[in-house]
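# Fold and geometry: a report
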Amino acid sequence: MGHTIFSGLGALIFWGVLALLLFVAVRATVSRIGPEAKTRDPVDILKRRYARGDIDKDEYDRTLKDLKDEA
């Protein structure tokens, strides 16, 4: 008597799951506010993509030329 789901081990599991969900939500939000979210300059984004290896040198040069021709 007097035991509910929120006493003892049940409470520990409940608060653990709640803390994990909060951690995941905060981490997902912070990752969306990363360096690229702050920088919207197309040339900076292009440089970051090239530095990460997302694009090769030919694509970098071609896209950079296109961006400078538009300006």
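Quantities reported herein were computed from a predicted structural model and do not represent experimental measurements.

Let us look at the overall build of the protein. The helix and strand tally for the protein stands at four helices and zero strands. Helices and strands in the protein line up, N terminus first, as α-α-α-α. With an accessible surface of roughly 6100 Å², the protein has 64% of that area assigned to carbon and sulfur atoms.

This part takes up the pattern of salt bridges. Applying the stated rule across the entire model yields three salt bridges. With its nearest N and O atoms 3.1 Å apart, the salt bridge here joins Lys57 to Asp61. Taken as a pair, Lys57 and Asp61 lie in helix 4 (residues 57–70) at a separation of four residues, close to a single helical turn. With a relative accessible area of 34%, Asp61 lands in the partly exposed category. Lys65 is paired through a salt bridge with Asp69; the nearest N and O atoms lie 3.1 Å apart. Highlighted residues: Lys65 and Asp69, both in helix 4, separated by four residues, approximately one helical turn. By relative accessible area, which is 51% here, Lys65 ends up exposed.

What follows is about the packing of helix 3 (residues 42–52) against helix 4. Interhelical geometry of helix 3 versus helix 4 gives an angle of 180° and a closest axis separation of 10 Å. Taken together, the axis directions place helix 3 and helix 4 in an arrangement best described as roughly antiparallel. Contacts between helix 3 and helix 4 involve Pro42, Val43, Leu46, Lys47, Arg49 and Tyr50 from the former and Lys57, Glu59, Tyr60, Thr63, Leu64 and Leu67 from the latter. Residues belonging to the contact of helix 3 with helix 4 are distributed by class as follows: seven nonpolar, one polar and four charged.

Right, let's talk about a nonpolar patch on the surface for a bit. Together, Leu9, Leu12, Ile13, Val17 and Leu21 make up an exposed nonpolar region whose accessible area comes to about 530 Å². Tracing the backbone through its elements, the reader meets Leu9 in helix 1 (residues 9–32). Here Leu9 falls in the exposed class, since its relative accessible area comes to 60%.

What counts and how
Residues numbered from 1 in each chain as written. Predicted model: local features only at pLDDT ≥ 70, side-chain atom pairs only at ≥ 80, totals over all residues. Heavy atoms only, no water. Helix = DSSP H or I, 4+ residues; strand = E, 2+ residues; numbered from the N terminus. Areas by Shrake-Rupley, 256 points an atom, 1.4 Å probe, with all protein chains shown as cover. Salt bridge = Lys/Arg side-chain N within 4 Å of Asp/Glu carboxyl O. Buried < 20%, exposed > 50% of the residue type's maximum accessible area, 1.4 Å probe, protein only. Axes fitted to C-alpha atoms, helices over the stretch in contact; angles between N-to-C directions. Parallel < 35°, antiparallel > 145°, perpendicular 65-115°, else oblique. Contact = heavy atoms within 4.5 Å. Nonpolar A, V, L, I, M, F, W, Y, C, P; charged D, E, K, R; others polar. Patch = residues over 30% accessible without salt bridge, like charges linked within 9 Å, V, L, I, M, F, W, Y side chains within 5 Å.

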